[in-house]
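As a plain string of letters, each chain reads:
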Amino acid sequence: MSAEQDVRQLRLQKLARLRELGHDPYLFEDFPQSHTPAEIHGRFADLEGAEVTVAGRITALRKMGKAAFFDLTRQGERVQVYLKKNDVGDTLWNVFNLVDIGDIVGVRGEVFRTKMGEVTVHVRDLSVLAKCLHTLPVGKEKEGHHWYALTDKEERYRRRYLDLIANEESRSLFVKRSRMISVTRRFLEERGFMEVETPVLQQDAGGAAARPFETHHNTLDLDLKLRISLELHLKRLIVGGFEKVFEIGRVFRNEGISTRHNPEFTMLELYQAYAKMEDIQALVEDLCREIAVRVFGSEKLEVGGVTLDFSKPWQRIDMLSKIETEAGVAPSEFETLKSAKAAMDRLGLPSEDESEVGSIIEKIHERFVERKLIQPTFVENFPIETSPLAKKHPTNPRLTRRFEGYMLGREFCNAFSELNDPIDQRARLELQAAQLAAGHHEANPMDEDFLYALEIGMPPTGGLGIGMDRLAMLLSGAETIRDVILFPTLRPEGRD
RNA sequence: GAGCCGGUAGCUCAGGGGUAGAGCAACGGCCUUUUAAGCCGUGGGUCGUGGGUUCAAUUCCCACCCGGCUCACCA
């Protein structure tokens, strides 16, 4: 007996026998519970001898003739249950003998402590609430050491429900991710931000440098794209008079998949009227500290051997100055395309396809600076060519009032004082549209309605975008973005 | 897209040109305070898919599929 299909047949037979005994698991609609496993342990002094009800999945089963112990696991918490034939009678004993590891059961019984000292529920009644028809990869565990957990990454991603059952670290990571987003939402609401929802389906997807997914509306016979950012609609709302808005939503980018990229991911964007870049920096500092404290319990987080310190102001660095110290390229070398390409050649980076100084600056920054930004850091003064929606720097028209946030050598946010000059914005979008027409799939399309909105008048505004998956990854120490996305995008399993 | 690594029982893995092994899980038996429960016994595999070489391929070769990592892409 081992082929998984045989196990399934056998368990279906057990299910049939349960029904013959008048115990149909699928007739139960609820199971009120008096305590969680953690409460039973934590309040043992009060509960000893008292009756409790608790339900969960059976994750271990130790039968000993006419008695048995089993573990019930619920929401990552575990409690041991003891059952013996004399206490429950023949019928319930027969029911119990049709139970397997993986089944979901509810029990009623009194709390006691075993000879070995473990707090345990002594069963008087037991209800099978769902049969598990397959062998469950639960593994075993003692003193924090695990045996035989589900480790195959492909299986964990494709069948996340098994991963969540088998790997407590995975379960708790997704709880943390959820709390991060919850804390973020509350943080913004407390500061007067209003949450809004803007269209996912758009005729032209702009606001970021990315290639969109394409789809089609049948009735309208209209080709549509999935959004690549939230930016342009949120700024329309600032024009409309909402002064603090945010959206936490899915965006879609039709690009390669890697440990840091999933085609769909969760973006937070917020816009605050009458605020500038520095105000947004303070907000990011406050938000990260809030998340660190309220989700992870401290202003200082141990991640991958590093202590991330959110208790003090972040370091601010100038992009070009840092490139000079880390890569040895002087700001003056970025004055012409020719000298910038020469600098790239000197650093061993391919320069043939480069047509803009700004792009070269960012590539050198990514290659030589980014990975060194371990503690929370803001990089300021991005080149104008790669920042088509940001206000110009007041004294250097080749730079913008834009910054990105980094920690652990990775980017996680992007923000700027928003460009609200409709004439300048038109010129920059025309340049983008020309690049798009020339085959740069990631360039921004022209958006006449957005420009019309700016012509109505947008107050000076600070904006921010945070990749919430990236942030979850960084703060939790996850190795890949797939570990913080419940169902990451994978190729379909080949039926070959 | 390129390179490297991997895919063997439900899970975690070993093996290796001659019809495949372990632990856990499963099945049968014993066991009324166990906890990686224990003891005795049993079954379980298209070795990712398809070709090729060979008397013989799970093993060697080629192609493909899926995954992982690194790089590229991500202005």
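This text follows the structure it describes.
Residues numbered from 1 in each chain as written. Chains lettered and ligands numbered in written order. Predicted model: local features only at pLDDT ≥ 70, side-chain atom pairs only at ≥ 80, totals over all residues. Heavy atoms only, no water.

Draft legend 1. Main features of the overall build of chain A. In terms of helices and strands, chain A carries 15 helices and 20 strands. With the C-alpha coordinates aligned to their principal axes, the bounding extent of chain A is approximately 90 × 55 × 50 Å. Evaluated residue by residue, chain A yields a buried proportion of 48% over its 496 residues. Taking as baseline every contact in chain A between residues at least 6 positions apart, the subset at least 24 positions apart corresponds to 63%. Accessible surface, chain A as shown: approximately 24,500 Å² in total, 49% of it carbon and sulfur. Distance between charge centroids for chain A: 6 Å, based on 68 positive and 80 negative side chains. (Helix = DSSP H or I, 4+ residues; strand = E, 2+ residues; numbered from the N terminus. Buried < 20%, exposed > 50% of the residue type's maximum accessible area, 1.4 Å probe, protein only. Contact = heavy atoms within 4.5 Å. Areas by Shrake-Rupley, 256 points an atom, 1.4 Å probe, with all protein chains shown as cover. Lys, Arg positive; Asp, Glu negative; His and termini not counted. Charge placed at Lys NZ, Arg CZ, Asp CG, Glu CD.)

Draft legend 2. Structural detail: the packing of aromatic side chains. Inspection of every chain in the model, using the stated rule, returns eight aromatic pairs. Taking 6.2 Å as the distance between ring centres and 50 degrees as the angle between the ring planes, the aromatic pair formed by F310 and W314 counts as tilted. By relative accessible area, F310 is classed as buried at 0%. W314 gets classed as buried once you look at its relative accessible area, which sits at 4%. A connected cluster of aromatic rings, assembled from ring pairs, spans F310, W314, F378, F403 and F412. Seen from the ring of F44, R113 lies directly overhead, with NZ or CZ sitting 4.4 Å from the centre. Across the ring face of F187, the terminal group of R191 is positioned such that the distance to the ring centre comes to 3.7 Å. (Phe/Tyr/Trp six-rings, centres within 6.5 Å; stacked < 30°, edge-to-face > 60°. Lys NZ or Arg CZ within 6 Å of the ring centre and 35° of its normal.)

Draft legend 3. Main features of the sheet that holds strand 2 (residues 67-74). The strand order around the closed barrel built from five strands is 1-2-3-5-4, with neighbouring strands paired in mixed fashion. Direction aside, the axes of adjacent strands within the sheet are offset by 55 degrees on average. Of the strand pairs in this sheet, strand 3 (residues 77-84) and strand 5 (residues 119-130) are connected by three bridges, and their pairing is parallel. Each residue of the ladder has a partner; that of Y82, found in strand 5, is H122. This element, helix 4 (residues 85-96), spans strand 1 (51-64), strand 2, strand 3 and strand 5 of the sheet and lies at about 25 degrees to strand 5. (Pairing = 2+ DSSP bridges. Axes fitted to C-alpha atoms, helices over the stretch in contact; angles between N-to-C directions.)

Draft legend 4. Representation of the nonpolar core. Ranked by size, the top nonpolar core spans 43 residues in total, and within it V284, F310, M407, F412, I466 and L475 carry the most contacts. In terms of residue count, helix 9 (residues 277-296) provides more of this core than any other element does, nine residues in total. Listed in part, the 28 residues of the second largest apolar core include L18, L83, L98 and V121. (Core = buried A, V, L, I, M, F, W, Y, C linked by side-chain atoms within 4.5 Å.)

Draft legend 5. Just unusual backbone geometry, in detail. Positive phi values are uncommon outside glycine, yet D221 reaches one of about 45 degrees. One can find D221 in the loop between strand 10 (214-217) and strand 11 (222-226). At L408, a position not held by glycine, the phi torsion is positive, near 50 degrees. Here L408 shows up in the loop between strand 18 (402-407) and strand 19 (410-417). Overall, L408 belongs to the partly exposed group, its relative accessible area being 22%.

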